[in-house]
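# A closer look at the structure
The chain contents come next:
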Amino acid sequence: QERFGPSRTTLQGAVSAAGMTSLSPLPMPPAAFSAALGRQDLGLRPSQDAWSAAPSLRAAGGGFAIGLGAAAATAAVRARGWQQAACAARGTHPGVKPLSSVLRRAEAAEAEGRLSQEQEVRQALRQVKDKGLNIDIVTAGFVSAVEVNRDTAAVTVRLEVATFQDMARGAVEKLPWVKSVDIRVPAPPPAATASQPMRPPMPQIPPALDKVKTILAVSSCKGGVGKSTVAVNLAYELQKSGLKVGIFDCDVYGPSLPVMVRLPYEPQMEMYEDAEKVKHIRPCVDPATGIKLVSFGYAGKAAVMRGSMVTGLVSQLMTQTEWGELDFLVLDLPPGTGDIHLTLAQVCKITAAVIVTTPQKLSIIDVERGISMFSQLAVPSVAVVQNMSYLVMPDGTRMYPFGKTDAGRNIADTFGIDHVFELPLEPSLAEAGDTGVPYTSRCVAGAASDEFAKLAQAVVKEVEKIHKNVTRPKVEYDNAREQFRVSLPNGEFFGIDPFVLRARDKGAGGATPPKEGAMPAEIRDMGNYAVVIRWSDGFVQVAPHKQLVYGDEKGPMPRIQLDSVAVA
């Protein structure tokens with residue numbers, strides 16, 4: 001063992017392959033090993049058949065090769081010139097296997113030993129269970145990889161979430177052969193502070209998404225506004241125009257996709273590992289349209305999970321699903337501005353967002369938070385959908401049960417979004433969601449059908465602009481002149497007094513007078529149509545490009561003539 005260095009696992013595998021029952025190796029040179037084979041003082045207790053062959057093997061110069069691992073036996077044979085040892089032994093004792101056969105069996109036993117160690121670790125990790133799900137972390141998919149270094153007895157476990165880090169380490173450390181355990185989990189996103197606002201993450205495209213051209217988020221910060229209805233019907237409307245589409249239902253706690261899209265077969269997403277131990281998920285597919293569907297609802301289990309587990313699950317579904325080639329992947333986001341939204345922004349590049357609201361004024365506040373969140377994540381909001389806006393009466397007139405508030409248009413005007421759509425309260429639209437046949441796939445004529453068609457056209461148009469990187473006004477703050485400098489794509493430029501612009505803030509809360517000494521501290525683009533201005537006193541203002549260039553309801557925006565000197 002000292003000379004050729006086979007590990008104990010290798011020796012045990014070789015002994016088993018050679019028909020021996022046990023091995024307790026001692027460090028000694030090959031000559032001593034060969035001599036000791038006849039005295040049985042190595043602790044080698046071979047089977048009767050193997051032992052009866054040992055004298056002839058030893059006489060041929062290769063007797064001890066049976067008790068060594070593949071690498072060690074090969075080295076010993078080459079060092080002594082015993083290439084024909086096994087053949088000579090087989091000639092004397094037909095029951096003895098050739099050396100090459102023993103080595104192949106030793107290699108197989110060694111590989112089996114490696115595999116069993118990984119299985120042993122996974123079996124230990126199955127003792128760690130989540131009380132909410134009542135399943136172990138291996139079955140739940142929270143163990144992404146297990147690596148075993150046989151030479152150092154070191155184990156590395158990669159977890160999708162940090163919740164079970166300590167319990168997983170404790171479970172693996174109980175294995176008697178383990179000397180060290182390294183538990184690795186994804187790093188959490190940095191928290192935003194007043195001095196260091198949240199910066200947009202720099203996601204790298206996972207291999208599963210490298211053929212997805214556009215990732216479109218459908219969001220609302222308020223539950224019950226019909227976001228899933230908009231997401232599913234928009235996806236099916238996009239598919240009708242010949243585009244390849246997928247839908248990802250990101251709401252783990254309340255998945256709606258299995259109800260809204262009923263398939264003619266029992267839907268079930270399948271997970272498998274390839275030859276490189278990489279996990280893949282096969283999505284469900286609507287056979288009528290080819291739309292790929294992913295939802296935790298297809299797992300058939302209630303989601304009783306902690307937040308960190310949910311983000312790990314969403315990340316896994318997003319990055320391991322075989323999306324293939326898609327023109328649009330529509331994300332049906334859960335309500336709010338929480339961890340799932342930040343996680344998705346980390347693992348993929350969201351191209352654009354569609355915001356869904358209702359006519360009530362109360363929804364404006366929540367939707368504004370959602371648009372601001374997407375702005376911080378460098379995701380442009382391209383359209384606003386005001387759902388449940390009106391009822392179409394038998395005589396063709398419209399009745400507004402929640403009042404004609406123009407909440408959607410006010411939001412679009414505040415944030416400089418060009419496209420606003422109003423969906424009616426239509427019985428056939430609600431019925432489609434309950435029966436599992438999307439409304440836009442039925443080719444039903446009506447106001448809702450027309451609005452979905454216009455919405456799809458607007459989304460395609462705006463996404464094309466984003467992909468082509470269409471130029472937009474550039475807004476900077478000139479510290480020397482203490483004014484904004486606006487540069488237009490045609491080369492024209494002018495200045496704007498920052499305090500005049502602040503006094504004409506279009507936010508729902510209205511303009512807030514600046515504190516003494518307050519100045520613009522940061523300017524950031526907000527999608528295609530606006531900029532966000534953060535003031536030193538904490539005030540955050542959204543200024544649409546239209547307001548900067550053309551003015552607003554108060555009239556044209558006063559311009560300051562500038563020379564060609566660059567911003568200081």
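Below, the structure is looked at part by part. The structure displayed is predicted, hence computed values, not measured ones. (Residues numbered from 1 in each chain as written. Predicted model: local features only at pLDDT ≥ 70, side-chain atom pairs only at ≥ 80, totals over all residues. Heavy atoms only, no water.)

## A short note on the overall build of the protein chain
- Counting its regular elements, the protein chain contains 17 helices and 23 strands.
- When the 568 residues of the protein chain are sorted by exposure, 49% land in the buried category.
- Once local pairs closer than 6 in sequence are excluded, the contacts in the protein chain between residues at least 24 apart make up 68%.
- Summed over all atoms, the accessible surface of the protein chain reaches about 27,000 Å², with 52% contributed by carbon and sulfur. (Helix = DSSP H or I, 4+ residues; strand = E, 2+ residues; numbered from the N terminus. Buried < 20%, exposed > 50% of the residue type's maximum accessible area, 1.4 Å probe, protein only. Contact = heavy atoms within 4.5 Å. Areas by Shrake-Rupley, 256 points an atom, 1.4 Å probe, with all protein chains shown as cover.)

## Considering the pattern of salt bridges
- Under the defined criterion, the tally for this structure stands at 18 salt bridges.
- Of the charged contacts, one joins lysine 240 and glutamate 237 as a salt bridge, the two residues approaching to 3.5 Å between their closest N and O atoms. Taken together, the residues span about one helical turn, with lysine 240 and glutamate 237 both in helix 8 (residues 227-240) at a distance of three residues.
- Look at lysine 240 and you get partly exposed, because its relative accessible area is 40%.
- Residue classification places glutamate 237 among the buried residues on the basis of a relative accessible area of 11%.
- Across the salt bridge formed by arginine 481 and aspartate 478, the nearest N and O atoms sit 2.6 Å from each other.
- Each member of the salt-bridge network shares a partner with another, and the members are Glu522, Arg524 and Arg534. (Salt bridge = Lys/Arg side-chain N within 4 Å of Asp/Glu carboxyl O.)

## Re the sheet that holds strand 20 (residues 493-496)
- Spatially, the three strands line up as an open sheet ordered 18-19-20, and their pairing is antiparallel. At either end of the open sheet lies a strand with only one pairing partner, and these are strand 18 (474-478) and strand 20. Here the average twist between neighbouring strands, direction ignored, is 25°.
- As paired elements, strand 19 (residues 483-487) and strand 20 share four bridges and run antiparallel to each other. Within strand 20, the position partnered with arginine 485 by the bridge is glycine 495. (Pairing = 2+ DSSP bridges. Axes fitted to C-alpha atoms, helices over the stretch in contact; angles between N-to-C directions.)

## Overview of the sheet that holds strand 17 (residues 420-422)
- Pairing is mixed across the open sheet formed by eight strands, whose spatial order is 10-11-7-12-6-13-14-17. With partners counted over all chains shown, the strands left at the sheet margins are strand 10 (284-285) and strand 17, one partner each.
- Of the strand pairs in this sheet, strand 13 (residues 352-357) and strand 14 (residues 381-386) are connected by five bridges, and their pairing is parallel. If you follow valine 354 over to strand 14, its bridge partner there is alanine 383.
- In the packing of helix 8 onto the sheet, the strands contacted are strand 6 (212-219), strand 7 (245-249), strand 12 (326-332), strand 13 and strand 14, and the crossing angle to strand 12 comes to about 170°.
- Against the sheet, helix 15 (residues 447-468) touches strand 6, strand 12, strand 13, strand 14 and strand 17, its axis set at about 165° to strand 17.

## Some remarks on the packing of aromatic side chains
- All chains considered together, the criterion is met by five aromatic pairs.
- Seen in terms of ring centroids, phenylalanine 248 and tryptophan 323 are 6.2 Å apart; in terms of plane orientation they differ by 55°. Their pairing is tilted. In this pair, phenylalanine 248 sits in strand 7 while tryptophan 323 sits in the loop between helix 10 (307-320) and strand 12, placing the two residues 75 residues apart along the sequence. Pair check on accessibility: phenylalanine 248 and tryptophan 323 agree, each one buried.
- Between arginine 398 and the ring centre of tyrosine 390, over which it is positioned, the NZ or CZ distance is 4.0 Å. (Phe/Tyr/Trp six-rings, centres within 6.5 Å; stacked < 30°, edge-to-face > 60°. Lys NZ or Arg CZ within 6 Å of the ring centre and 35° of its normal.)

## Let's talk about helix 7 (residues 165-173)
- Looking at helix 7, one finds that the buried residues are Ala168, Ala171 and Val172. Viewed end-on, helix 7 has its buried residues packed into an arc of 95°, placing them on one side of the element. (Arc of directions from axis to C-beta.)

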